Amino acid sequence: MLRTLLAACLSLSSTTLAAPTAAICDRDFLKAQAAAYVAAQAAGKVDTLKASSSVSYTQNFKTATLATGILSTPLKIDSNRSTYDTTQCATYTELISLQSGANHVIGTQMRFSDGELSKMEIIVTSTGDWLFNPTNTLKYASQESWTEIPEAKRDTRAVIQAAGDAYLDLFNDKKVKVPWGNPCARLEGGSYIQPSCNVGVPSGVKNINRRYVVDEVFGTVDVFFSFGGNDPDSHEFRVESGKLRYVHTMTVMKSRHHIAVASDTANRCRPFSIPRLNGLWFSNPIRARDHHPRPYHAHHEASLIEVVEVAVKDAIFRSHIGHQSEPWLNNCSIFAKASLPTSPTDSDPIRLPSPSVSVSPARSQPAFGVAGTANLTDIFYYSPLALLELSPSCCITRASARFLSDWRLSADQCIGHQLHLFLEKQIHPSTSISQVHAIIGTVDDAISARAERTSKPINTIHEAACRARVLPVFNDHQLLAITLEWHERPTALIESELVKPGLSTDEAFRILVQALKDYAIFLLDTTGHIATWNMGAELLKGYTRDEIIGKHFSVFYGKDDLEAGKPDMELAICLREGRVEDEGWRYKKDGTRFWANVIITAVYKDGLHVGFGKVTRDLTERKASESRLITAYEESEKLKSDFLANMSHEIRTPMHGMLSACSLLLDTDLTVRQRDIANIMDESGKVLLQVINDILDYSKLASGSFSVTSDIVGVASIIASVVRGVQTTLHPAVHFELFLAPNLPKSVQGDPLRFRQIVNNLVGNAAKFTEKGSIRVKASLQAEDVDSYTVLTEVTDTGIGIPENSTAHLFMPFTQFDVTTTKRYKGTGLGLSISKSLAELMGGRIGYRPNVERHGSVFWFTARFKKIKSLGQIQDWKNQLAKDGSLLPVPATETVDLQAELAKIASARTLLLVEDNVINQKVMLGILRSLGFKNVQLASNGAEAVTMVRAKPVGFDLVLMDINMPILDGHQASSRIRESGIKIPIVAMTAYALKGDRERCLEYGMNDYIPKPVDKKYLIRILAKWLMSKADGRRSMGPDQLPSPELGLALLDMNRALLDKNLNKVQDPSSVVEVASEEQKKQPGADSVSG
């Protein structure tokens, strides 16, 4: 015993150690498996699935094999949609096939283990199953939105599954609280219910053996279960914000309830479902005869015909007590399968096996068979009402004498026909086929709601307007029959009523709508097909009523709108929001277009969506007037701006000559009087030049031709430089203060010129309007996010201030507060207007408030700058400086340190140099060998590089890849290497050094970028970054992954420090005399510069 136990332990241990790591089950894996399943079903080839040797397969909850199930039959897939459960490693797929002769709606749950299909369950519904209609299923499902839910709005697995369970539990417990959504749509077979899913479910039904597939990304849960404990069923739920949005159901029911019926009228009836007769099934084809229903007991000997006749008529009569019996008992032959121990013929007597057997339907009803009671068939036939009875498949099974008389028909002309085919032959030739669709829609609505519905009238060929009252008959969840009760009136009466006095409100409104000529008003059905047409619509669009009724309203849209799916999009928005309004081009019958204002409203009746109301106005003339006005305005603005720009240019040219001459004159030997005159000319010329610059800037801003650039901005340096320049113009009694917040970013990305222009304008105004007191300039960080800084700059002065009644017009162009002939302050009134436009172009705002501490003003503005977060941004700036001959060098000491560290590992690393130019090959080989790299291999084009890397996937530590090469360029070669799954670091080495080239290289799978001509010091840094890492880049690194975070951060800090150092050399705020004010001393940590 001990030996056996020890052997078992050793066996278990070895098995555990040898077990492979479980395969990763993520969404990409599950998507691939679902796609493989759809392809396999389309081809009918099960061997394409990666299935376990012990895979479990069931079809409609019966055990089978992949080779014998529906998977082995090729199907035309008209629609498929899948969801993915990464927690259970499972998928659910809904397939719809409209293949001729093999229509199916299929639901499939697949489960995977160790990367293989371990369990597959398929529910296959087809003709005869509960409310099966694949055409409607495809139509309604395609109108729904099952897209991914934003991550912030996703529900948890528990919430999603609980919503589905609550719905299923409601069948057995009416006290269950279901999280109904509003709206909510239920697709049950081919029946579609909206905007509410809470329209009732059967009672006392237990839904057991539930299996779930939950997808939090799509917010869905699919549940396979046994409906009522027997029928294979799938319910899929879409949950949004904890509420049910969509419900899709498919139920296999013919396995227990189906009895095939063939009509005497050329077998035109489709299979019909009735309740199973408890414990009694029949084998022989027999014909039911007229027989009064009665209980049947086993002590009577009878032929099988009599047993069937009595049992079937009695069971169905009991299920219809108070309504009517099944119509096909007197018209159709019954075929059923036997479960009796023998198969007697019609003439053989049989004895029922139990001592006393009575046949009863699924629900208990009192026996009815009292002598002298009228036959229900006679009651139906001789009813004073015009009645039609339909099977669940909408096949006409019985008609009353009154109906045949009113419609001038014989029984053979209607019984056995499908309802829609029958009605198409009975409507008036001038009537649209959409009236028939409306009747069928009413029948569908009545079945879905399990309640009475009344249809719109149709005009028949015998000159009557007929309206149907639809009554569906259910036994619990099973549809037994549909009764249509027809009421008619002459069509002439409808027309004559329009001119009668004393009209009802509805009639008067109908006349008003019909008579309106300025508005096209019409109704659409739920799918967008036109159902009504008024006079205004006929005049506006050119279609007569007979031409347009039944057509889809998309006929009015242009090609671009149709390609964009605008008509369907408008209906979807209307369903979601109740109303949608749009303006755009619409087309008439003759092809001409008009500018239309369109309002579409969803129409509901008794809580059910029945269509859309559409109102269209022709606004072509108004649109043309607006266009002419806009064109005239734009033209006048352009002429004004062009004139200002031209005048500024024409004045600026001679002014430049004059100022240059003054400058030359001031450099010569002049007398005191001559120098005074020259200084006056020079100062006046500069003022005039500033006026011209303002006008030119304003003209650019007004014409929309002004734009900002992107460069490195030293915020503190610019502000300090402006302050230093304005200090020389201050009045002697004015004190200047500068406050720079300690958290103010030193270097950002933006437009330094325009930032300086705003600061200069505000500070210059403060200096101009302040004769005593102080001017304070304060810069601080107002906001910060992942990508940007928002910098707040405030200029506070103790000058003349702004009159309260003038603040509303402060930033309007050409605004001045002193317009008298004695005004002291000169200017154009454009400075603040230009500053406002520039601040808005830089993503900020500008404003004013009074100085509450002392008399004066506070002007402030914000500007949004991008953060400098990567070496690439600094490199772009360095490239820009390089064009001016000022590329910043890498400090020699840091380069020496990196080179020394790199030399220690160089001999153990193998590089691949991909370069087509022979001279460049020699140069690069020389550089690399000087750095200590002895193992360097060459490839002269991209194709050769791909071949070498694929041959030795782990043979290279890094690839230096040129871009412009023959056969395959560097981008294509990098993509193919990545497609092979090889993660070796690839560094682009190219003369393409413009903005965006580095990003383009990274998009193709490269890891880094070196511009040509190659800077040896920069090359050392790149090689160190990718080769001095503990991680093996050949196996684990992605294209954007930094091998050593510490090294990357150190390099980034080094460049930022270098950048700040060089910026400070250009504009050093410390050059302003630093005198700490008393107020600044109270704010420790802030930088203060006063003068």
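Residues numbered from 1 in each chain as written. Predicted model: local features only at pLDDT ≥ 70, side-chain atom pairs only at ≥ 80, totals over all residues. Heavy atoms only, no water.

- The protein chain goes by Signal transduction histidine-protein kinase in an unreviewed UniProt entry, where it is assigned to Podospora appendiculata.

1. Concerning the state of the cysteines
Part 1 of the argument: Evaluated as defined, the whole model comprises two disulfides.
Part 2 of the argument: Here Cys 25 engages in a disulfide with Cys 89; their sulfurs sit 2.2 Å apart. Taking the torsion about the S-S bond as the criterion, the Cys 25 to Cys 89 disulfide, at about 105 degrees, is right-handed. Separated by 64 residues along the polypeptide, Cys 25 in the loop between α1 (2-18) and α2 (27-43) and Cys 89 in the loop between β3 (79-85) and β4 (90-97) bring together distant segments of the chain. Neither residue differs from the other here; Cys 25 and Cys 89 are each classed as buried.
Part 3 of the argument: Covalently, Cys 184 is tied to Cys 197 through a disulfide, its sulfur atoms 2.0 Å apart. Every disulfide takes its handedness from the sign of the S-S torsion; for Cys 184 and Cys 197 that torsion is -95 degrees, giving left-handed. (Disulfide = S-S within 2.5 Å. Helix = DSSP H or I, 4+ residues; strand = E, 2+ residues; numbered from the N terminus. Buried < 20%, exposed > 50% of the residue type's maximum accessible area, 1.4 Å probe, protein only.)

2. So, the packing of helix α20 (residues 752-769) against helix α21 (residues 831-841)
Part 1 of the argument: Viewed as axis vectors pointing N to C, α20 and α21 meet at an angle of 145 degrees, and their least axial separation amounts to 10 Å. Handedness of the α20/α21 crossing: left-handed. Residues Arg 754, Gln 757, Ile 758, Asn 761, Leu 762 and Asn 765 of α20 touch α21, and the partners they reach there are Gly 831, Leu 832, Ile 834, Ser 835, Leu 838 and Ala 839.
Part 2 of the argument: Of the residues belonging to the contact of α20 with α21, the class tally is six nonpolar, five polar and one charged. (Axes fitted to C-alpha atoms, helices over the stretch in contact; angles between N-to-C directions. Left-handed = near helix turned anticlockwise from the far one by under 90°. Contact = heavy atoms within 4.5 Å. Nonpolar A, V, L, I, M, F, W, Y, C, P; charged D, E, K, R; others polar.)

3. Concerning the environment of Asp 711
Part 1 of the argument: Among the secondary structure elements, Asp 711 is positioned in strand β29 (residues 711-713).
Part 2 of the argument: Judged by relative accessible area, Asp 711 falls into the partly exposed class, the value being 28%.
Part 3 of the argument: Sequence separation between Asp 711 and Asp 751 is 40 residues, and the spatial gap between their C-alpha atoms is 5.8 Å.

4. Things to note about empty space enclosed by the protein
If a probe as big as a water molecule is rolled over the atoms, it shows which places are left empty.
Part 1 of the argument: In total, this model carries ten cavities of 30 Å³ or more according to the counting rule given.
Part 2 of the argument: There is about 160 Å³ of room inside the largest cavity.
Part 3 of the argument: In terms of lining residues, the largest cavity is bounded by 16 residues, among which Trp 130, Phe 171, Glu 188, Phe 227 and His 235 are the most central.
Part 4 of the argument: The set of elements that each furnish at least two residues to the lining of the largest cavity consists of β7 (180-188), β11 (231-240) and β12 (243-251).
Part 5 of the argument: Grouping the constituent residues of the lining of the largest cavity by class yields seven nonpolar, five polar and four charged.
Part 6 of the argument: Of the volumes computed, that of the second largest cavity is approximately 130 Å³.
Part 7 of the argument: What lines the second largest cavity is a set of 19 residues, among which Val 105, Thr 137, Gly 189, Thr 249 and Met 250 lie closest to the centre.
Part 8 of the argument: Secondary structure elements with two or more residues in the lining of the second largest cavity: β4, β11 and β12.
Part 9 of the argument: Considering each element in turn, the lining of the second largest cavity owes the most residues, four residues, to β12.
Part 10 of the argument: Counted by class, the lining of the second largest cavity contains seven nonpolar, nine polar and three charged residues. (1 Å grid on protein atoms, 1.4 Å probe; cavity = no way out; pocket = protein on both sides within 12 Å on 5 of 7 lines; lining within 4 Å. Points joined across faces, edges and corners; volume = space filled by probe spheres on them.)

5. What about the sheet that holds β7?
Sheets are built from strands paired through backbone hydrogen bonds, the pairs being either parallel or antiparallel.
Part 1 of the argument: Across the sheet, six strands lie side by side as β8-β7-β12-β11-β10-β9; this open sheet has mixed pairing. With partners counted over all chains shown, the strands left at the sheet margins are β8 (191-193) and β9 (208-215), one partner each. Each strand of the sheet is rotated relative to its neighbour by a mean of 15 degrees, with strand direction disregarded.
Part 2 of the argument: Of the strands in this sheet, β7, β9, β10 (220-227), β11 and β12 touch helix α4 (residues 157-169), which is tilted by about 145 degrees from β9. (Pairing = 2+ DSSP bridges.)

6. Digging into the environment of Gly 591
Part 1 of the argument: Mapped onto the secondary structure, Gly 591 falls in the loop between β26 (579-587) and β27 (593-605).
Part 2 of the argument: In this structure the C-alpha to C-alpha distance between Gly 591 and Phe 556, which are 35 residues apart in sequence, comes to 9.4 Å.

7. Quick word on the packing of aromatic side chains
Part 1 of the argument: Applying the stated rule across the entire model yields 26 aromatic pairs.
Part 2 of the argument: Ring geometry for Tyr 92 and Phe 224: centres 6.2 Å apart, planes at 85 degrees, overall edge-to-face. Taken together, the residues span a long stretch of sequence, with Tyr 92 in strand β4 and Phe 224 in strand β10 at a distance of 132 residues.
Part 3 of the argument: Note on Tyr 92: relative accessible area 1%, which makes it buried. (Phe/Tyr/Trp six-rings, centres within 6.5 Å; stacked < 30°, edge-to-face > 60°.)

8. Structural notes on helix α26 (residues 970-979)
Part 1 of the argument: For α26, a buried count of seven out of ten residues is recorded, marking the element as mostly surrounded by other parts of the structure.
Part 2 of the argument: Capping the start of α26 is the job of one residue whose side-chain oxygen sits 3.1 Å from the backbone nitrogen of His 971: Asp 969.
Part 3 of the argument: Phi for Gly 981, located one or two positions after α26, is positive at around 80 degrees. (Polar contact = N/O pair within 3.5 Å; in protein donor to acceptor, adjacent residues only side chain to side chain.)

9. Here we look at the pattern of salt bridges
Part 1 of the argument: In total, this model carries 30 salt bridges according to the counting rule given.
Part 2 of the argument: For Glu 583, the salt bridge identified is with Arg 622, shortest N-O distance 3.0 Å. Taken together, the residues span a long stretch of sequence, with Glu 583 in strand β26 and Arg 622 in helix α17 (residues 620-666) at a distance of 39 residues.
Part 3 of the argument: Owing to a relative accessible area of 33%, Glu 583 belongs among the partly exposed residues under this scheme.
Part 4 of the argument: A relative accessible area of 37% means that Arg 622 is categorised as partly exposed. (Salt bridge = Lys/Arg side-chain N within 4 Å of Asp/Glu carboxyl O.)

10. Quick look at the packing of helix α9 (residues 419-426) against helix α10 (residues 434-449)
In helix packing, the relevant descriptors are the interaxial angle and the interaxial distance, both defined with respect to the helix axes.
Part 1 of the argument: Two elements in contact, α9 and α10, have axes separated by 10 Å at closest approach and are oriented at 150 degrees. Comparing their axes, α10 and α9 come out roughly antiparallel. In terms of crossing hand, the pair formed by α9 and α10 is right-handed. Two secondary-structure elements touch here, α9 through Leu 419, His 420, Leu 423 and Glu 424 and α10 through Val 436, Ile 439, Ile 440 and Val 443.
Part 2 of the argument: By residue class, the composition of the contact of α9 with α10 is six nonpolar, one polar and one charged. (Parallel < 35°, antiparallel > 145°, perpendicular 65-115°, else oblique.)

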